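Listed below are the residues making up each chain.
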Amino acid sequence: MRVDPARIKETGMRERTLEEWIGMAEEVFKAGTLQLLLTGGEAMLRPDFIEIYEAIARMGFLLVVYTNATLVTPEIMEVFRRYPPHKIGVTLYGAENATYERLCGMKDGFDRVKEGIERLHSLPSLLDLRTTLVQDNIEDLQKMRAYAKGILEDDAELHISRFVCKAVRNGVCHPEEVRLTPEENVQLNYPGVFAFHEKMEKGEVRLDLENLKKITFRHSLPKEGYLFSHCGAGVNEYAIDWAGRMMACELLSDGFTYPFEEGFEKAWERLPEVYPQSRVPEKCRDCPDAAFCDTCPANRLAETGDWFGCPDYACREAAYFHQLLKDMKIV
Amino acid sequence: MQDKMYKSNGGYVLREIAGEAVLVSIGSGVADFRGVVKLNPTAKCLWKGLMEGATAEKLARDLAEEFDVEPETAAGDVNNTLEMLLERGMITCE
């Protein structure tokens, strides 16, 4: 993760202060927000993370912290012991120091992450391990899975991010240069379908009703009406970024209200109005793969700059997924 | 049981979310429970009394007054609930 301070300066935006964040937490608390997620980037990078965290933790939210676990200091652990988050999500970027060096520029990255996770694991918080897979860390997947299995409770497994989309809100990295191919991504996200397809190709299994039950896939076509009615963004959840912009979903680069300027209540009330009404994009109307497409408005916007654009990546995913099912004579 | 003071242990915050009363665990409460407890109106009344600290008798009296139930019924319900809350470490008794 790299930040370009010059670019932030150019935008004229600024990080909100400790007092501003605590004031905003009080506002959202009064308005009835139940679950609050602190995430980044990396929230622990803020020098006043402990002060912000403690003030928020005392209020009474269901508190979730997402972190890369490299900055879990004794001071942070001290406040976490007094006020444990309900859940901590740690993102793994690999299972080897060499992978962390390649991906994050941190030579002892995995050692530091393991140390951080060990500390966090001593808390009563629910621990969740997740990863974002790209070409540079895909080889570590089995090791990451094994590591997660050894740590997580109740047979929970490593969670893999469904999408790696292009950078949003002027981010300076280029995930599209390192992400998996659409076909690899389908294989990862629908392992049951892919494994079955492989076995069928080898003649090891045949399709019958019993096998069909093991295969699940999603149909998702945009519906008319509120843009995010399929996921609840802007209906029962929102995000506020480092600069204080409110948005329905953290993946958005457009469609903001300004709670620090106009007050939380007004910003929340106004939020659905800043998005266009949903409609089925022209190209999707007659697309034979549309029923197998898993994209969403946020993803369309991030990938194409258009709320109703068709990301080439998503089209390839849908076509490949459709082909797998056709090969198996399911569709 | 009559003279003892019962008090919430500070591990839960009472909140109103979309018209519903809920307890959210914080601090030491998270070690016992990582979630939300939904309260019905009588439980909410009881918890409010426990936030300040009260005897079982006072809690039962308040409940009987607010919900128009027989004092004996209220006393029985309060005692059962206090026992359950003590077992779960959600309140203290002195």
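As the structure is a prediction and not an experimental result, all values here were calculated from the model. (Residues numbered from 1 in each chain as written. Chains lettered and ligands numbered in written order. Predicted model: local features only at pLDDT ≥ 70, side-chain atom pairs only at ≥ 80, totals over all residues. Heavy atoms only, no water.)

Q: Help me understand the environment of tyrosine 275 of chain A, please; the structure alone is not making it clear to me.
A: Residues and elements named next belong to chain A. Note on placement: tyrosine 275 falls in the loop between α12 (264-270) and α13 (282-285). Expressed as a C-alpha distance, the spacing of tyrosine 275 and glycine 116, which sit 159 residues apart in the sequence, is 40 Å. Side-chain polar atoms of tyrosine 275 contact the backbone nitrogen of alanine 248, separated by 2.9 Å. Here glycine 255 takes part through its backbone oxygen, which lies 2.6 Å from a polar atom of the side chain of tyrosine 275. (Helix = DSSP H or I, 4+ residues; strand = E, 2+ residues; numbered from the N terminus. Polar contact = N/O pair within 3.5 Å; in protein donor to acceptor, adjacent residues only side chain to side chain.)

Q: Please clarify how helix α14 (residues 297-304) of chain A should be interpreted in this entry.
A: In an α-helix, one turn spans 3.6 residues; hence positions three or four apart end up facing the same way. Residue and element names in this part refer to chain A. Among the eight residues that make up α14, seven are buried, leaving the element largely enclosed by the rest of the structure. Regarding α14, the residues found buried are Pro297, Ala298, Asn299, Arg300, Leu301, Ala302 and Glu303. Of the surrounding elements, those touching the buried residues of α14 are α13 and α15 (312-327). Directly after α14, the chain includes glycine 305, whose backbone phi takes a positive value near 80°. (Buried < 20%, exposed > 50% of the residue type's maximum accessible area, 1.4 Å probe, protein only. Contact = heavy atoms within 4.5 Å.)

Q: I would appreciate a short explanation of the packing of helix α2 (residues 18-31) of chain A against helix α3 (residues 49-57) of chain A in the present structure.
A: Each pair of packed helices can be summarised by the angle the axes make with each other and by the distance between the axes. Residues and elements named next belong to chain A. One can describe the packing of α2 onto α3 by two numbers: an axis separation of 10 Å at closest approach and a directional angle of 15°. Judged by the angle between their axes, α2 and α3 are roughly parallel. Considering only the axes of α2 and α3, their crossing is right-handed. Listed contacts from α3 to Leu18, Trp21, Ile22 and Ala25 of α2 are Glu51, Ile52, Ala55 and Ile56. Of the residues belonging to the contact of α2 with α3, the class tally is seven nonpolar, no polar and one charged. (Axes fitted to C-alpha atoms, helices over the stretch in contact; angles between N-to-C directions. Parallel < 35°, antiparallel > 145°, perpendicular 65-115°, else oblique. Left-handed = near helix turned anticlockwise from the far one by under 90°. Nonpolar A, V, L, I, M, F, W, Y, C, P; charged D, E, K, R; others polar.)

Q: Just checking my understanding: could you explain the sheet that holds strand β4 (residues 126-131) of chain A for this structure?
A: In a beta sheet, neighbouring strands are held together by backbone hydrogen bonds and run either parallel or antiparallel to one another. Residue and element names in this part refer to chain A. One open sheet holds the five strands; their spatial order is β1-β2-β3-β4-β5, and the pairing between them is parallel. For this open sheet the edge positions go to β1 (35-38) and β5 (159-160), each flanked by a neighbour on one side alone. Two elements, strand β3 (residues 87-92) and β4, share six bridges in a ladder whose sense is parallel. Directly across from glycine 89, in β4, lies its bridge partner aspartate 128. (Pairing = 2+ DSSP bridges.)

Q: Looking at this structure, I do not really get the nonpolar core. What am I missing?
A: One broad rule of soluble globular proteins: the nonpolar side chains tend to lie buried together. In this structure, Tyr53, Phe80, Leu92, Ile117, Leu252 and Tyr275 of chain A are the most contacted members of the largest nonpolar core, which totals 69 residues. Of all hydrophobic cores here, the second largest spans 21 residues; its members include Tyr6, Trp47, Ala74 and Met90 of chain B. (Core = buried A, V, L, I, M, F, W, Y, C linked by side-chain atoms within 4.5 Å.)

Q: I'm lost on the pairing of β1 of chain A in this one. Help?
A: Working note: regular strand, side chains alternate between the two faces of the sheet. All names here are of chain A. Residues of β1 alternate between two faces, with Leu36 and Leu38 buried on one and Gln35 and Leu37 left unburied on the opposite face. Alignment of β1 against strand β2 (residues 62-67), held across four bridges, turns out to be parallel. By the bridge assignment for β2, leucine 38 is matched with valine 65. For the handedness criterion, the β-α-β arrangement of β1, α3 and β2 is classed as right-handed. (Right-handed = clockwise from strand over helix to strand, strands pointing away.)

Treat this as a map of the structure, not an account of what it does.
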